[in-house]
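# Structural characterization, general
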Amino acid sequence: MSEDTMEGTEETERTGETLSEENRGDKKEKAKKKRSPLSYAIEFAVYIVLIFACIFWVPEYVVQRTVVNGESMENTLHSGESLLVEKVSYRFSDPARYDIIVFYPQGREVDEYYVKRIYGLPGETVQIINNEIYINGEVIADDYAKNVMDDSGIAEEPLTLADDEYFVLGDNRKVSLDSRDPDLGPIKAENIAGHVCLRILPLSKFGTP
């Protein structure tokens, strides 16, 4: 008799547990249904902020995609190739020699940019003699040039860079408009948009340029 009573009690307890779980589930469902219009408005606002960050903030301060237009960086880069330009590293370290950069030749207020390679760093003296690049009187390696330089431009004579200036060249020296040209000259650090870190298209050339 006592055993039958115990079994009945346990069954009642199990039934109570089941009912309690169902009640909790009902409460959760009701809580979901009771979301206020304000909560939906806040969620919508968060999505809008994220979308605007991806469209405007990320390309401006983190990374952006750009497309090569022209032949001045052949044979490293070719017209039509898509690149990723990262904008974070130069906030913590200075551009290095041979980095490929994107910069604004006429300042950031003009929506035009070039892609070139850095050769001369701030404070250095640059000179080009017989197709050789001298930095502070010493010849440096030039493994990226597609062809020889017919014109040394303003670097025919020693050119000392200011503390915020960089001397850049295109790899295709015969057609490149770069720091040799008096209309362009050395590039101000404030006009450097970022560092070309990756070629994403065509896929057959995917990787670091």
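Quick caveat, the model's predicted, so the values are computed rather than measured. Throughout this document, residue positions are counted from 1 along each chain, in the order its sequence is written. At least 70 in pLDDT is required for a residue's local features to be given in this predicted model, at least 80 for side-chain atom pairs to be given and counted, and no such filter applies to totals for whole chains, interfaces and linings, which use all residues. Water and hydrogen atoms play no part in the side-chain values, which are based on all heavy atoms of the structure.

### Notes on the sheet that holds strand β10 (residues 187–188)
- Strand pairing is assigned whenever DSSP detects at least two bridges linking the two strands. Helix and strand definitions follow DSSP, with helices as H or I runs of at least four residues and strands as E runs of at least two, each counted in order from the N terminus. Taken together, the seven strands give an open sheet; going across it, the order is β1-β2-β11-β3-β4-β9-β10, and neighbouring strands pair in antiparallel fashion. Edge positions in the sheet fall to β1 (63–67) and β10, since each has one partner strand and no second.
- In this structure, strand β9 (residues 165–169) lies alongside β10, joined through two bridges in antiparallel fashion. Residue pairing for β10: E165 is matched across the bridge by K188.

### Looking at the pattern of salt bridges
- A pair is scored as a salt bridge if a Lys or Arg side-chain nitrogen falls within 4 Å of a carboxyl oxygen belonging to Asp or Glu. Applying the stated criterion across every chain yields a total of 10 salt bridges.
- For E81, the salt bridge is made with R199, and the minimal N-O distance between the two is 3.0 Å. Note that E81 is positioned in the loop between β1 and β2 (82–86) and R199 in strand β11 (residues 192–201), a separation of 118 residues in sequence. R199 shares its class with E81; the two are buried.
- Here K188 makes a salt bridge to E165, at a shortest N to O gap of 3.4 Å. In this pair, K188 sits in strand β10 while E165 sits in strand β9, placing the two residues 23 residues apart along the sequence.
- Residue classification places K188 among the partly exposed residues on the basis of a relative accessible area of 31%.
- Residues joined in a network through salt bridges with shared partners are E81, R199 and K205. The buried label applies to any residue whose accessible area, calculated with a 1.4 Å probe on protein chains only, is under 20% of its type's maximum; exposed applies above 50%, and partly exposed to all values in between.

### Considering the sheet that holds strand β8 (residues 159–160)
- Overall, antiparallel pairing links the four strands, which are arranged β7-β6-β5-β8 in an open sheet. A single partner strand is all that each edge strand has here, and the edge strands are β7 (138–139) and β8.
- Relative to β8, strand β5 (residues 125–129) runs antiparallel, the two being bridged by two bridges. Among the inter-strand pairings, T125 is bridged to a residue of β8, identified as T160.

### Quick word on the environment of F167
- By secondary structure assignment, the location of F167 is in strand β9.
- We call two residues in contact whenever any of their non-hydrogen atoms come within 4.5 Å of each other. Excluding residues within four positions of it along the chain, F167 makes contact with R117, I118, Y119, G120, V126, I128, A155, L159, L161, S179 and R180.

What is shown is where atoms sit, not what they do.
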